[in-house]
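# Secondary and tertiary structure notes
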Amino acid sequence: VDERGKVLGVGISRQSNYQVSGLDWAIREIGDATRQALGTLRPDKAVFCLAGCDTDLDESRLSAGIRNLGLVDDFVCFTDIFAPLRAGSSRPYGVAVSCGTGFNACGIAPDGQQAKLRSLGSLTGDWGGGHSLGEAVSGAVYRAEDGRGEPTILTEMMLETLGISDLTTLA
């Protein structure tokens, strides 16, 4: 996009979370998508909002790989949650929360101070995405079955949704 938000190019690649696919794969996919989006353009600055860019170490690794692509000299890397924050606000501050497979959140204060989660799942207390909700439902259903928990309507709902007849088969 340009400084007014006009879309200048689009690039599409496969997943690029290096924590899942490895750094070399991720940088190759990021490079492919960036080249598609740029076409013949050479930007003055770039912002990469990337899955897996959750810690300072992640940022350092990804920045080094992107620098080696040679596509832009002046750039920064943020975690992917900053993209919807900027896309969803006409102001330079706000909060974004994502509850997809995982959970992530970030915020930018009016004075520019930033806050973000490490978003490494249960390891860092970032609970609430689809994966952890699924685990919680499954745990509640099995605890209800064996008497460690209260009966729950989730049992029937889960078995029906998954098309499975009983919890023994599911296990």
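Keep in mind that this is a model prediction, so the values were computed, not measured. (Residues numbered from 1 in each chain as written. Predicted model: local features only at pLDDT ≥ 70, side-chain atom pairs only at ≥ 80, totals over all residues. Heavy atoms only, no water.)

### Describing helix H5 (residues 130-146)
Rules: Labels follow the DSSP assignment, with helices taken as runs of H or I lasting at least four residues and strands as runs of E lasting at least two, numbered in each case from the N terminus. Under the convention used throughout, the expected extent of a helix is 1.5 Å for every residue step, that is, one less than its residue count.
Given a rise of 1.5 Å per residue, 17 residues ought to cover 24 Å, and the 24 Å separating the end C-alpha atoms of H5 matches this to within 8%. Residue Gly 147 follows H5 closely and has a positive phi angle near 90 degrees.

### Topic: the packing of H5 against helix H6 (residues 154-162)
Selection rule: Axes, fitted as lines to C-alpha atoms, cover a helix only where it is in contact. Angles between the N-to-C directions of the axes lie from 0 to 180 degrees. What sets the label is the angle itself: under 35 degrees gives roughly parallel, over 145 gives roughly antiparallel, 65 to 115 gives roughly perpendicular, and the rest give oblique. Crossing handedness is read from the near helix: turned anticlockwise from the far helix by less than a right angle, it gives a left-handed crossing, and turned clockwise, a right-handed one. Contacts are residue-level and defined by heavy atoms, with any inter-residue pair within 4.5 Å sufficient. As a working rule, the residues Ala, Val, Leu, Ile, Met, Phe, Trp, Tyr, Cys and Pro are called nonpolar, Asp, Glu, Lys and Arg charged, and the rest polar, with Gly in that last group.
Between H5 and H6, whose axes approach to 9 Å, the crossing angle comes to 120 degrees. With respect to each other, H5 and H6 are oriented oblique. The handedness of the crossing between H5 and H6 comes out as left-handed. In this structure, H5 uses Val 137, Ser 138 and Val 141 to contact H6, whose residues at the interface are Leu 154, Thr 155 and Met 158. Looking at the contact of H5 with H6 residue by residue, the classes come out as four nonpolar, two polar and no charged.

### Remarks on the nonpolar core
Let me state the cut-off plainly: Residue types Ala, Val, Leu, Ile, Met, Phe, Trp, Tyr and Cys, when buried and joined through side-chain atoms within 4.5 Å, form a set referred to as a nonpolar core. Buried residues are those whose accessible area, probed at 1.4 Å on protein chains only, stays under 20% of the maximum for their type, while exposed residues exceed 50% and partly exposed ones sit between those limits.
Ranked by internal contacts, the top residues of the largest apolar core, which has 16 residues, are Ile 30, Phe 48, Leu 50, Leu 62, Ile 66, Phe 75 and Cys 77. Those residues in contact with Ile 66, other than ones at most four positions away along the chain, are Ile 27, Ile 30, Phe 48, Leu 50, Phe 75 and Cys 77. Of all hydrophobic cores here, the second largest spans six residues; its members include Leu 85, Ala 96, Cys 106 and Ile 108.

### Concerning the packing of aromatic side chains
The relation between two aromatic rings is expressed through the spacing of the ring centres and the mutual angle of the planes. Going by this rule: Working definition: rings of Phe, Tyr and Trp (its six-membered ring) pair if their centres are within 6.5 Å, and the pair is stacked with planes under 30 degrees apart, edge-to-face with planes over 60 apart, and tilted otherwise.
The final tally for this structure, using the stated rule, is two aromatic pairs. Taken together, a centroid distance of 5.8 Å and an interplanar angle of 85 degrees make the contact between Phe 48 and Phe 75 edge-to-face. With Phe 48 in strand E1 (residues 46-50) and Phe 75 in strand E2 (residues 75-79), the pair connects residues that are 27 residues apart, well separated along the chain. For Phe 48, a relative accessible area of 10% gives the class buried. A residue is classified by how much of its surface remains accessible, and Phe 75, at 12% relative accessible area, is buried.

### Notes on H6
The cut-off we apply is this: As used here, the arc is the angular range of directions from the helix axis to the C-beta atoms.
Residues of H6 that are buried: Thr 155, Met 158 and Leu 159. Taken around the axis of H6, the buried residues stretch over an arc of 95 degrees, which confines them to a single face. Opposite the buried face of H6, at more than 90 degrees from it, the exposed residues are Glu 156, Glu 160 and Thr 161. Considering only its buried residues, H6 is in contact with H5 and helix H7 (167-170). Gly 163 lies just past H6 and shows a positive phi near 70 degrees.

### Re the environment of Phe 82
You can see Phe 82 is positioned in helix H4 (residues 82-87). The contacts of Phe 82, once residues within four sequence positions are left out, are Cys 49, Cys 106, Gly 107, Ile 108, Gln 114, Ala 115 and Lys 116.

### Some words on the sheet that holds strand E5 (residues 114-116)
Cut-off, in case you're wondering: Only when DSSP finds a minimum of two bridges between them are two strands counted as paired.
The three strands are arranged E3-E4-E5 in an open sheet whose pairing can be described as antiparallel. A single partner strand is all that each edge strand has here, and the edge strands are strand E3 (94-99) and E5. In this sheet, adjacent strand axes meet at a mean angle of 5 degrees when their direction is disregarded.

Spatial relationships are all this shows, so hold off on functional conclusions.
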